[in-house]
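# Structural characterization, general
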Amino acid sequence: MTPDQLLADQAPTDAPLVSVQNLSRRFDVSPPWITRALYRQPRRIVRALDDITFAIQPKRTLGLVGESGCGKSTLARCLAGLMSPSGGVMHYAGKPVDLASKNDPKVRRAVQMVFQDPYASLNPRWSVEESVGDPLLAFGLAGSRAEMRQMVGALMVEVGLSPRDAQKYPLQFSGGQRQRIAVARALASRPAFLICDEPTSALDVSVQAAVLNLMRRLQDEYGLTYLFISHNLPVVDHMSDDVGVMYLGRLVELQPTESLFDAPRHPYTQLLIQTVPSLDTMGRASAPLKGEVPSPLNPPPGCAFNPRCPFANARCRVERPEPTALPGGGMVACHGVQEGRI
Amino acid sequence: MTAPLLDIRNLSVSLMRDVPLTVLSDISLQLAPGEILGVVGESGAGKSVTGAAVMRLMTRPLQQTGGEIWFDGGRIDTVPESHMQKLRGKQIAMIFQDPLTALNPVFTVGQQLVQTIRQHLPLDQAAARARAAALLGEVGIPSARERLDNYPHEFSGGMRQRVVIALALAGEPRLIIADEPTTALDVSIQAQIIALLVELARSRGMGVILITHDMGVIAEACDRVAVLYAGRLAELGPVRSVLTAPRHPYSRGLIAAIPRVGARLAMLPQIPGTMPRLDALPAGCAFAPRCPFVMEHCKTHRPEATPRADGVQVACWLEEGQ
Ligand SMILES: Nc1ncnc2c1ncn2[C@@H]1O[C@H](COP(=O)(O)OP(=O)(O)OP(=O)(O)O)[C@@H](O)[C@H]1O
Ligand SMILES: Nc1ncnc2c1ncn2[C@@H]1O[C@H](COP(=O)(O)OP(=O)(O)O)[C@@H](O)[C@H]1O
Ligand code: SF4
Ligand code: SF4
Ligand SMILES: [Mg+2]
Ligand SMILES: [Mg+2]
């Protein structure tokens, strides 16, 4: 590739492939009404997603990190149409998507998901051919069973398995192989946008390297756009062009990968990056993020991070920080940064 | 060395089929009180079976075919099941890889914790419930008291795993076998859980076997680390030595494959090929078909995990050459 092409490839085109505005999702986790009536307990609502806004340019990867329970999988499920959001809109290729019904078959075909658990994401009673071939038949991409079989064989080769493996069942494969099959199934409908929710978290490092390399190669070959969710920061750094950080249902920072890791702005991002376990932090397990993880049932008023934030002031405890654009691109939602204190 | 808390001597486990298949072959490990031993290796290498063998939780076709397991000075692989049941949960606890299998979906988290606590400790309902809330708090679940009344599916994946860890701690065990306990967790909670395990190990003299494929976790938490490959011990030594100067070609490949922040590689270094199936193990060194340093001798002779001059055990013929 010439440097010119390289630049052309990397320059963000103006129109995002996927964008999301003010996406929200609430869960009602109230006790049964009888208990509430007897013990005078209020309704309890978890705000799993709270006003999430971002955009992803075509052929790029947005990484998403954040604490357990902060809403990453909920976001993934909403975007994949597996769950309807309580509010907000998604645009795909410039057109609004009805996330609640998601009845546009074009979008259903173009947006696919790979799950964390390769054991759960495939039907154990279906042969690999049935699993991978199902979307081919469902979307009418294969005219006949014979054609389907041939396309499945090609997909198997694509993910580094043998066409003969298509006759086997998921239980006959290792975790890494199953994740390859899950990737093959997701690719079957020739999607443009792949949502990957912790795709390698259940895999060991050597198999993880193979699956990540596979995803990279497929992205280059087919111009795929990825939303890549992982709690493993080095993996997110390796895979992503931009990284978003979530905290308690809110997107608190989003920056190009290098800036985020070199110069994190939000205090939560700073702490996250300091606590990455790595080979260089040998025997230093003593510096976890201090403070109690706030309850999503009962988030603190103002900035949800304020009870754990070393820079919190009076304003932080009452006023919710809104996203503000950063000079180098990206955004951060923090009073301290906005006020120039951080 | 103080008397080991756990002493696994030449353990072998087979899959009893028409032709028995060796799953673990001649594994020896010691664990001192308060020590944290990491166990790494790719999926199917035998990490979970090692844990299950110690717990005597191996299911039917799997069977111990050789070796001995000693806990606190007594042999436990031969004691009656009734005795083992008393040890399990109370003295030796296990945290499983999959939090969903360890939790019952039809009971609240509080009911499950209270039941486990009362099995092991002489507490009444109210005291057990208070203890349950304290344990949930200890593993970092916010609003612990209210969360006791939630069902497992109302927690995120990471929170469920913290509940599972709380369950394992309920009987105040002396040995914890944690099988991929933080695999589903994000870094900050992972750091908390690991710090919690380290603290329990140091303060209570609790021994911990930490099975994980996350080398970062190994680096931070463990004193020593064992690398398993195809049911055999490839390398065993102090964490610093194994992670910064791995000697076995397989350990070297594993450590090279770890993504590092700022490395900006297009592709990650990969170990070529895959681990052989147990029914197709090569005659000599199990790693030979993938090893960049393979010699003729390796293909026919199996290397032993012999302690080398510096005490590190390495099962590789390259070591003999020096
Ligand atoms: N079906 C549900 N019913 C009630 N609450 C739910 C449900 N699914 C998720 N939640 C709650 O929504 C919040 C976000 O959950 P989600 O699974 O999106 O977290 P996550 O960021 O993916 O976490 P992890 O890293 O642990 O996978 C959590 O507080 C969780 O308890
Ligand atoms: N219950 C079982 N029945 C049959 N084979 C098993 C069983 N449990 C484990 N194995 C086999 O034993 C080997 C080691 O498995 P395991 O200890 O689970 O590996 P890991 O290192 O991934 O934890 C694998 O080949 C696996 O397929
Ligand atoms: S808004 Fe305030 S409390 Fe929140 S992260 Fe910024 S400085 Fe800290
Ligand atoms: S014994 Fe030979 S084949 Fe095995 S790891 Fe050492 S050099 Fe490689
Ligand atoms: Mg999740
Ligand atoms: Mg295992």
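In this text the structure is predicted, and so the values were computed from the model without any measurement. (Residues numbered from 1 in each chain as written. Chains lettered and ligands numbered in written order. Predicted model: local features only at pLDDT ≥ 70, side-chain atom pairs only at ≥ 80, totals over all residues. Heavy atoms only, no water.)

### Examining the overall build of chain A
Scanning chain A from terminus to terminus reveals 12 helices and 12 strands. Relative to its full complement of 342 residues, chain A shows a buried share of 54%. Just so you have it, chain A exposes about 15000 Å², and 53% of that area is on carbon and sulfur atoms. (Helix = DSSP H or I, 4+ residues; strand = E, 2+ residues; numbered from the N terminus. Buried < 20%, exposed > 50% of the residue type's maximum accessible area, 1.4 Å probe, protein only. Areas by Shrake-Rupley, 256 points an atom, 1.4 Å probe, with all protein chains shown as cover.)

### Looking at the overall build of chain B
Counting secondary structure elements, chain B contains 12 helices and 12 strands. Against the globule reference of 20 Å for 322 residues, chain B gives a C-alpha radius of gyration of 20 Å, in line with a compact fold. Principal axes of the C-alpha set define a box for chain B whose edges measure 65 × 50 × 40 Å. A burial count over chain B gives 57% of its 322 residues as buried. For chain B, the proportion of contacts with a sequence separation of at least 24, taken over those separated by at least 6, is 63%. Looking at chain B as shown, the accessible area adds up to about 13100 Å², and 55% of this sits on carbon and sulfur atoms. Charged side chains of chain B number 31 positive and 30 negative; the gap between the two group centres comes to 1 Å. (Rg over C-alpha atoms; globule rule 2.2 N^0.38 Å. Contact = heavy atoms within 4.5 Å. Lys, Arg positive; Asp, Glu negative; His and termini not counted. Charge placed at Lys NZ, Arg CZ, Asp CG, Glu CD.)

### Structural notes on the packing of helix α4 (residues 109-120) of chain B against helix α5 (residues 125-138) of chain B
All names here are of chain B. At a minimum axis separation of 9 Å, α4 and α5 run at an interaxial angle of 115°. Overall, the two elements α4 and α5 adopt an arrangement that is roughly perpendicular. Between α4 and α5 the crossing geometry is right-handed. Each of Val109, Leu113, Val114, Ile117 and Arg118 in α4 lies in contact with α5, whose residues at this interface are Gln125, Ala128, Arg129, Arg131, Ala132, Leu135 and Leu136. (Axes fitted to C-alpha atoms, helices over the stretch in contact; angles between N-to-C directions. Parallel < 35°, antiparallel > 145°, perpendicular 65-115°, else oblique. Left-handed = near helix turned anticlockwise from the far one by under 90°.)

### Thoughts on the site of ligand 2
Residue and element names in this part refer to chain B. In the vicinity of ligand 2 there are 14 residues, among which Gly44, Gly46, Lys47, Ser48 and Val49 approach most closely. In the model, an oxygen atom of ligand 2 is placed 2.7 Å from a nitrogen or oxygen of the Lys47 main chain. Taking Val49, its main chain carries an N or O atom lying 2.7 Å from an oxygen atom of ligand 2. Coverage of ligand 2 by the protein chains reaches 66% of its 560 Å² of free accessible surface. A per-element tally of the shell around ligand 2 places helix α1 (residues 47-55) first, with three residues. (Near = heavy atom within 4 Å. Polar contact = N/O pair within 3.5 Å; in protein donor to acceptor, adjacent residues only side chain to side chain.)

### Remarks on the sheet that holds strand β7 (residues 193-197) of chain A
Residue and element names in this part refer to chain A. The eight strands are arranged β6-β7-β8-β3-β9-β10-β12-β11 in an open sheet whose pairing can be described as mixed. Bordering the open sheet on either side are β6 (111-114) and β11 (324-325), each of which pairs with just one other strand. In the sheet, strand β9 (residues 242-247) pairs with strand β10 (residues 250-256) via six bridges, with the strands oriented antiparallel. Each residue of the ladder has a partner; that of Asp242, found in β10, is Pro256. Strands in contact with helix α11 (residues 267-274) are β3 (61-66), β9 and β10; relative to β9, the strand with the most contacts, it is inclined by about 105°. (Pairing = 2+ DSSP bridges.)

### Overview of the site of ligand 4
All names here are of chain B. If you check the shell around ligand 4, you find 13 residues, and the closest are Cys285, Cys291, Cys298, Cys316 and Trp317. Of all the cavities here, the one that holds ligand 4 is the second largest cavity. Residues of the shell around ligand 4, tallied by class, amount to 12 nonpolar, one polar and no charged. (1 Å grid on protein atoms, 1.4 Å probe; cavity = no way out; pocket = protein on both sides within 12 Å on 5 of 7 lines; lining within 4 Å. Sits in = over half its atoms within 2 Å of the grid points. Nonpolar A, V, L, I, M, F, W, Y, C, P; charged D, E, K, R; others polar.)

### Some points on empty space enclosed by the protein
Residues and elements named next belong to chain B. For the structure on display, the rule yields six cavities of 30 Å³ or more. Space inside the largest cavity adds up to approximately 120 Å³. Lining the largest cavity are Tyr229, Arg232, Leu233, Ala234, His248, Cys285, Ala286, Phe287, Arg302, Pro303 and Ala315. Here the residues of the lining of the largest cavity sort into eight nonpolar, one polar and two charged. Estimates place the volume of the second largest cavity at around 100 Å³. Surrounding the second largest cavity, 14 residues form its lining, Pro249, Cys285, Cys291, Cys298 and Cys316 being those nearest its centre. Broken down by class, the residue content of the lining of the second largest cavity amounts to 13 nonpolar, one polar and no charged. (Points joined across faces, edges and corners; volume = space filled by probe spheres on them.)

### Section: the sheet that holds strand β3 (residues 36-40) of chain B
All names here are of chain B. In spatial order, the strands read β6-β7-β8-β3-β9-β10-β12-β11; together these eight strands make up an open sheet with mixed pairing. If you trace the sheet from one side to the other, it starts and ends with β6 (92-95) and β11 (306-307), each paired once. Sheet topology note: the β3/strand β9 (residues 224-229) ladder contains four bridges and is parallel. In the strand pairing of β9, Leu37 is matched with Arg224.

### What about the nonpolar core?
With 104 residues, the main nonpolar core has Leu136, Leu175, Ile177 and Leu210 of chain B as its most contacted residues. No other element matches helix α7 (residues 157-169) of chain B, which puts eight residues into this core. Sequence-distant contacts of Ile177 of chain B, defined by excluding residues within four places in its chain, comprise Gly51, Val54, Met55, Ile92, Ala93, Met94, Ile95, Ile209 and Ile211 of chain B. Residues Leu155, Ile181, Ala188 and Leu218 of chain A belong to the second largest nonpolar core, which totals 56 residues. (Core = buried A, V, L, I, M, F, W, Y, C linked by side-chain atoms within 4.5 Å.)

### What to know about unusual backbone geometry
Within the chain, Glu198 of chain A stands out as a residue other than glycine whose phi angle is a positive 50°. Along the chain, Glu198 of chain A falls in the loop between β7 and α8 (205-222). Even without a glycine there, the phi angle at Ser143 of chain B is positive, about 50°.

### What about the confidence of the model for chain B?
Low-confidence regions, as indicated by low pLDDT, have predicted coordinates that should not be scrutinised in detail. Residues and elements named next belong to chain B. Averaged over all residues, the pLDDT of chain B equals 89, while 94% of them reach at least 70. The element-level mean pLDDT for chain B is lowest in helix α3 (residues 99-102), coming to 67, with strand β10 (residues 232-238) highest at 97. For this predicted complex, the interface confidence score (ipTM) comes to 0.82, while the overall pTM stands at 0.80. (pLDDT = per-residue confidence, 0-100.)

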